Amino acid sequence: MKKIVVLVSGGGTNLQALIDAEKRGEIKGGRITCVISSKPDAYALERAKQNGISTRVIPRKEYADVASYTKAVTDALVEEETDLVVYAGFMTILDEQVVKAFPYKMMNVHPALIPSFCGKGFYGLHVHEAVLESGVKLTGATVHFVTEVCDGGPIILQGAVPVMNGDTPEVLQKRVMEQAEWKLLPKAVSLFCEDRITIRNGRAYVD
Ligand code: GAR
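Residues numbered from 1 in each chain as written. Predicted model: local features only at pLDDT ≥ 70, side-chain atom pairs only at ≥ 80, totals over all residues. Heavy atoms only, no water.

A. How the structure looks around unusual backbone geometry. Here I114 and P115 are connected by a cis peptide whose omega angle stands at 15°. Structurally, P115 can be placed in the loop between β5 (106-110) and α5 (125-134). The residue F117 is not glycine, and still its phi comes out positive at about 50°. Note on placement: F117 falls in the loop between β5 and α5. With a phi angle near 50°, N201 is a residue other than glycine that sits in the positive phi range. Within the element layout of this structure, N201 appears in the loop between β8 (197-200) and β9 (203-206). With a relative accessible area of 83%, N201 lands in the exposed category. (Helix = DSSP H or I, 4+ residues; strand = E, 2+ residues; numbered from the N terminus. Buried < 20%, exposed > 50% of the residue type's maximum accessible area, 1.4 Å probe, protein only.)

Have a look at this one:
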């Protein structure tokens, strides 16, 4: 059984999707063993507690810089004997220390079709605001491995979601979550735990 540690900062609906998938037996070969939050008041922590999953809070505010914060998170991940790190609405940037410690063992869910609407500043509702401003008719979600490049690691799964007339960022966010994120993230996590993802020439392939 691979040990999955989920990093969160907010509401934790993606964490909930993972918990529900695990309960349905859809995370083959893995189980969520710990949830780490960058914010003490993240509702995601409640979701973990309600499901008997151990939690840790490593408040971003208590660290002077990205390097010292990354070291604290990396040390916690090593202590937890983590096999897979999942960024599920984790809104804090970590540097290359953690990537070196967990190469191709960290995945992130992003609420758009990478390489569009991604990189620095594109997180949460800001992504959907930018999508609506651009006038594109299709958006979606991407699950990818985390590398040194923000939102630039090998893509594992993507799903497209239509943009509708009259959408607000909130309405679009909900559609992207329901139709893409909450399905793709548990699927990608299960594929990893089943050893079905390989990296060749910097790309991820599902075999
Ligand atoms: C999700 O839409 C996730 O894709 C996004 O934040 C939301 C978190 O919701 N993540 C990013 O924008 C990271 N770049 P949740 O806490 O309910 O899972």
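B. Local environment of the packing of α5 against helix α6 (residues 169-193). Direction vectors running N to C along α5 and α6 enclose 110°, while the axes themselves pass 9 Å from each other. The orientation of α5 relative to α6 falls into the category roughly perpendicular. Mapping the contact onto sequence places L125, H128, E129, V131 and L132 in α5 and P169, E170, L172, Q173 and V176 in α6. (Axes fitted to C-alpha atoms, helices over the stretch in contact; angles between N-to-C directions. Parallel < 35°, antiparallel > 145°, perpendicular 65-115°, else oblique. Contact = heavy atoms within 4.5 Å.)

C. Seen up close, the environment of Y69. Within the secondary structure layout, Y69 lies in helix α3 (residues 66-79). A C-alpha to C-alpha distance of 9.6 Å links Y69 and S38, two positions 31 residues apart in sequence. In this view, Y69 contacts S38, I58, P59, R60, Y63, F90, T92 and L94; residues no more than four positions away in its chain are not counted.

D. How the structure looks around the layout of surface pockets. Volume-wise, the largest pocket comes out at about 850 Å³. Every element with two or more residues in the lining of the largest pocket is listed here: α1 (13-23), β5 and α6. Looking at the lining of the largest pocket residue by residue, the class counts come to 15 nonpolar, 17 polar and five charged. Computed from the structure, the second largest pocket encloses a volume of approximately 150 Å³. Forming the walls of the second largest pocket are A21, R24, E26, K28, W182, K183, P186, K187, S190, L191, E194 and R196. Here the lining of the second largest pocket takes six residues from α6, the largest share from any one element. In terms of residue class, the lining of the second largest pocket is made up of four nonpolar, one polar and seven charged. (1 Å grid on protein atoms, 1.4 Å probe; cavity = no way out; pocket = protein on both sides within 12 Å on 5 of 7 lines; lining within 4 Å. Points joined across faces, edges and corners; volume = space filled by probe spheres on them. Nonpolar A, V, L, I, M, F, W, Y, C, P; charged D, E, K, R; others polar.)

E. Up close: the site of the ligand. Close to the ligand lie 14 residues; G12, T13, N14, G124 and E181 are nearest. Note that an oxygen atom of the ligand is positioned 3.4 Å from one of the backbone N or O atoms of V109. A distance of 2.8 Å separates an oxygen atom of the ligand from a polar backbone atom of G124. Here the ligand, which alone exposes 450 Å², has 92% of that area covered by the protein. (Near = heavy atom within 4 Å. Polar contact = N/O pair within 3.5 Å; in protein donor to acceptor, adjacent residues only side chain to side chain. Areas by Shrake-Rupley, 256 points an atom, 1.4 Å probe, with all protein chains shown as cover.)

F. Structural view of the nonpolar core. With 41 residues, the main nonpolar core has I4, V6, V86, M107, I156 and V189 as its most contacted residues. Among the elements that line this core, the one with the most residues is α6, at ten residues. Once residues lying within four places of it in the same chain are set aside, the contact partners of V6 are L15, L18, I32, C34, V35, I36, V86 and A88. Of all hydrophobic cores here, the second largest spans 19 residues; its members include A72, L94, F102 and M106. (Core = buried A, V, L, I, M, F, W, Y, C linked by side-chain atoms within 4.5 Å.)

G. Representation of the pairing of strand β2 (residues 30-37). In terms of burial, β2 is largely enclosed, as seven of its eight residues are buried. In the sheet, strand β1 (residues 2-8) pairs with β2 via seven bridges, with the strands oriented parallel. The partner of V6 across the bridge, within β2, is V35. The parallel pair β1 and β2 is bridged by α1, and the resulting crossover is right-handed. Handedness of the crossover joining β2 and strand β3 (residues 54-57) through helix α2 (residues 43-50) is recorded here as right-handed. (Pairing = 2+ DSSP bridges. Right-handed = clockwise from strand over helix to strand, strands pointing away.)

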